[in-house]
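So you can see what is in the structure, the chains are spelled out below.
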Amino acid sequence: MDVVHTQVTATGAVHNGGILLRFPRRLLMATAAAGAVAVLASTVPAGAVTIPAGDPKVLMAGGSDTTTFVVQALGEAYQASSLNTNKDRIVNVPPLHNIAKLSNAAAAAIPANLWLANARQAWPSGAVVPGDADCLTTRVYGGEGSYDANGNNSYSDSGDRRFTTVEVDADNNGTAGEAAVPGERVQLGAVAPNGSGSGRSFSQDFTNNPVGCVDMVRSSSAPGSGDRPAYDSWGFALDAIGWVYFPGNTHGVTALTQAQLNQMYTCSATDGSKPQISTWGQLSGNLADVTPIKAYRVQLGSGTGDDVARSLMGLTGNSQVGLNCTNPTALFPTVQEHDCLAVSEVDKPDAVCFYGYGRYRIQSRALEPDKRNGARFGAFAVGANTPLRPSGSTIKEGTGRYAGTRIVYTLIPKGPGNGVTTPMPSYANSLAFTGVIPANGVDINGDSDKTDPGEVTGTGSAQPGFACDGGLSKKIIRTFGLVPFGLGSTDPTNADYGQSYCRRNVYSLGS
Ligand SMILES: [Ca+2]
Ligand SMILES: [Ca+2]
Ligand SMILES: [Ca+2]
Ligand SMILES: [Ca+2]
């Protein structure tokens, strides 16, 4: 087998005797489109949805840390389900994975990045996303192949390498690296997005991630208004975020308000040296207790971090943590979301960290490594409301709910130009897994037909996909510590989506 090594630098230049790594996608998509429009409604078992026929698709999902495990379980169950009539494969890429050894060593050598080098340890070695007719290049996320020369966790600096491409003869015809043959080009060491925001940016970077290479984005936070037109946003469950404290805490504070958390993570305009609330005595009222609060924060790019900032602190987003502070990095050490192992033993009695309810639950059941470090949830309220702790009964859609309740989403990108320039060829396949195929079908690019790649003509009624039909998916969602939606209107603004256990383009729970 011929194996030809090429390397792609941060600038995208290809080093391999001039072998061209890019090839005309439109040609391939046109070929795929010809087979993509047949509708299987009359032949599928009762309950199955109208997945476009054709070659099985590889549906890559990346992004949020929060929903990694539940989407993994949903994906595997879907693959084995009779509902998956096209035998599509869900490849759920973890947010963190084993990074090239030298790159990780470089990160670990930087004190501000040590948390990330350590956090990677609890995650898989990587994930393989096989090439398919939409995304011809196989991607091996994790391991050797990328290089982060300066250890800053960005792979776009001078001297960095985003991945290494090798060419193989996948179809065994004697020629390696054929542009039109899926899997003949293999990217080694690709680096996954870490977090919801990171996943959204990744999915919209059509230069580095061509159409069809990123089919779904795990997102624990609602996309911002600027991002919304680029996706169908499928809320599939409820979760909650909360603040946590640790064993040995003797400060007598077990409930916090949004106003208090805001002041614990922002400095005043006139004093950037410390946050407005910096001691436990300021929270308890016992002014003799001048012990500093060890206030940890969640990594940038994290949807959970955005929700912590918005819901718990009343800020506009995670990047506002440390507002007005001269040196926020020193004041607020970073942790990976749902991982408070980086809270040091010496800090624990005085520390505040953050957790999502679902991940707290699955770690308590040993379904994932326990990263809680002894953390327990405190109660939380906005304003003068009664502080509540997150629980299976306080996390709900209706009134009287825990104030940190949130929707968790899987986003389906529409494609470049919000689907108008190029519709996402896997769109309806993704709907069949984690959305609802609406009555009267889907016209992604708004050109008044339903025959473009990724589109379906549909049937006379809404067809909930696997994660939205209230069957096995509901059990999986509960097992993974999340709270399923009740049967309700899928999209309050569009009756074609009917009733299901998911919510489409609903960005908040209202009051
Ligand atoms: Ca770098
Ligand atoms: Ca070949
Ligand atoms: Ca794909
Ligand atoms: Ca169309």
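Note that this is a predicted model, so its numbers are computed, not measured. (Residues numbered from 1 in each chain as written. Chains lettered and ligands numbered in written order. Predicted model: local features only at pLDDT ≥ 70, side-chain atom pairs only at ≥ 80, totals over all residues.)

Engineer: Teacher, can you tell me more about the overall build of the chain here?
Structural biologist: Counting its regular elements, the chain contains twelve helices and 25 strands. When the 511 residues of the chain are sorted by exposure, 52% land in the buried category. Contacts spanning at least 24 positions in sequence make up 69% of the contacts within the chain whose residues lie at least 6 apart. (Helix = DSSP H or I, 4+ residues; strand = E, 2+ residues; numbered from the N terminus. Buried ≥ 20, exposed ≤ 12 C-beta atoms within 10 Å, placed from the backbone. Contact = placed C-beta atoms within 7 Å.)

Engineer: What exactly am I supposed to notice about helix H10 (residues 357-364) here?
Structural biologist: Side chains that are three or four residues apart share a direction in an α-helix, a result of its 3.6 residues per turn. Across the eight residues that make up H10, a large majority, seven, are buried. Those residues of H10 that fall on the buried side of the exposure criterion are Tyr 357, Gly 358, Arg 359, Tyr 360, Arg 361, Ile 362 and Gln 363. Those residues of H10 hidden inside the fold are in contact with helix H2 (68-80), strand E10 (231-245) and strand E17 (351-356). Positive phi appears at Ala 366, one or two residues downstream of H10, with a value of about 60°.

Engineer: Got a minute to help me understand the confidence of the model for the chain in this structure?
Structural biologist: Regions with low pLDDT carry predicted coordinates that are not meant to be interpreted in detail. Averaged over all residues, the pLDDT of the chain equals 90, while 90% of them reach at least 70. Note that pLDDT drops below 50 for residues 6-46; the model gives that stretch 63 contacts with residues more than four away or on any other chain. (pLDDT = per-residue confidence, 0-100.)

Engineer: It is not clear to me how the domain arrangement of the chain should be interpreted in this structure. Could you clarify?
Structural biologist: By a widely used convention, the size of an interface equals the accessible area lost when the partners come together. Examined at the domain level, the chain breaks down into domain 1 (4-238 + 419-504) and domain 2 (239-407). On a C-alpha basis, the centroid separation for the pair domain 1 and domain 2 is 31 Å. Facing 28 residues of domain 1, the contacting portion of domain 2 comprises 32 residues. Here the element with the most residues in the side of domain 1 that touches domain 2 is helix H4 (residues 114-119); it accounts for four residues. Split into classes, the residues belonging to the side of domain 1 that touches domain 2 amount to 13 nonpolar, 13 polar and two charged. (Domains from an automatic or database assignment. Nonpolar A, V, L, I, M, F, W, Y, C, P; charged D, E, K, R; others polar.)

Engineer: What's the story with the nonpolar core in this structure? I'm lost.
Structural biologist: Considering soluble globular proteins, one finds that nonpolar side chains tend to be buried as a cluster. Ranked by size, the top nonpolar core spans 124 residues in total, and within it Met 60, Val 244, Val 352 and Cys 353 carry the most contacts. Counting residues per element, this core draws most heavily on E10, at ten residues. Of the domains in this structure, domain 1 (4-238 + 419-504) and domain 2 (239-407) are the two that each give at least three residues to this core. Every residue in contact with Cys 353, bar those within four places of it in the chain, is listed here: Val 244, Tyr 296, Val 335, Cys 340, Val 343 and Ala 375. (Core = buried A, V, L, I, M, F, W, Y, C linked by C-beta atoms within 7 Å.)

Engineer: Any chance you could explain the packing of H2 against helix H12 (residues 472-479) here in plain terms?
Structural biologist: In a pair of packed helices, the angle between the axes and the distance between the axes together describe the arrangement. Viewed as axis vectors pointing N to C, H2 and H12 meet at an angle of 155°, and their least axial separation amounts to 9 Å. By the angle class used here, H2 and H12 are roughly antiparallel. Classified by chirality, the crossing of H12 by H2 is right-handed. On H12, the residues touching Val 70, Ala 73, Leu 74 and Ala 77 of H2 are Leu 472, Ser 473, Ile 476 and Ile 477. Of the residues contributing to the contact of H2 with H12, the split by class is seven nonpolar, one polar and no charged. (Axes fitted to C-alpha atoms, helices over the stretch in contact; angles between N-to-C directions. Parallel < 35°, antiparallel > 145°, perpendicular 65-115°, else oblique. Left-handed = near helix turned anticlockwise from the far one by under 90°.)

Engineer: Looking at this structure, how should I read the environment of Arg 372?
Structural biologist: Positionally, Arg 372 belongs in the loop between H10 and strand E18 (376-377). Among the residues examined, Arg 372 registers 20 C-beta atoms within 10 Å and is labelled buried. Sequence spacing of Arg 372 and Cys 353 is 19 residues, and the spatial spacing of their C-alpha atoms is 9.7 Å. Setting aside chain neighbours within four positions, we find Arg 372 in contact with Cys 340, Tyr 360 and Gln 363.

Engineer: I keep staring at the pairing of strand E7 (residues 161-167) and nothing clicks. Help me out?
Structural biologist: Consecutive side chains along a regular strand alternate between the two faces of the sheet. Among the seven residues of E7, six are classified as buried, and the element is accordingly described as predominantly covered. Strand direction decides the pairing type here: E7 and strand E8 (residues 185-190), joined by four bridges, are antiparallel. Pairing of Glu 167 across the sheet is with Arg 185, part of E8. (Pairing = 2+ DSSP bridges.)

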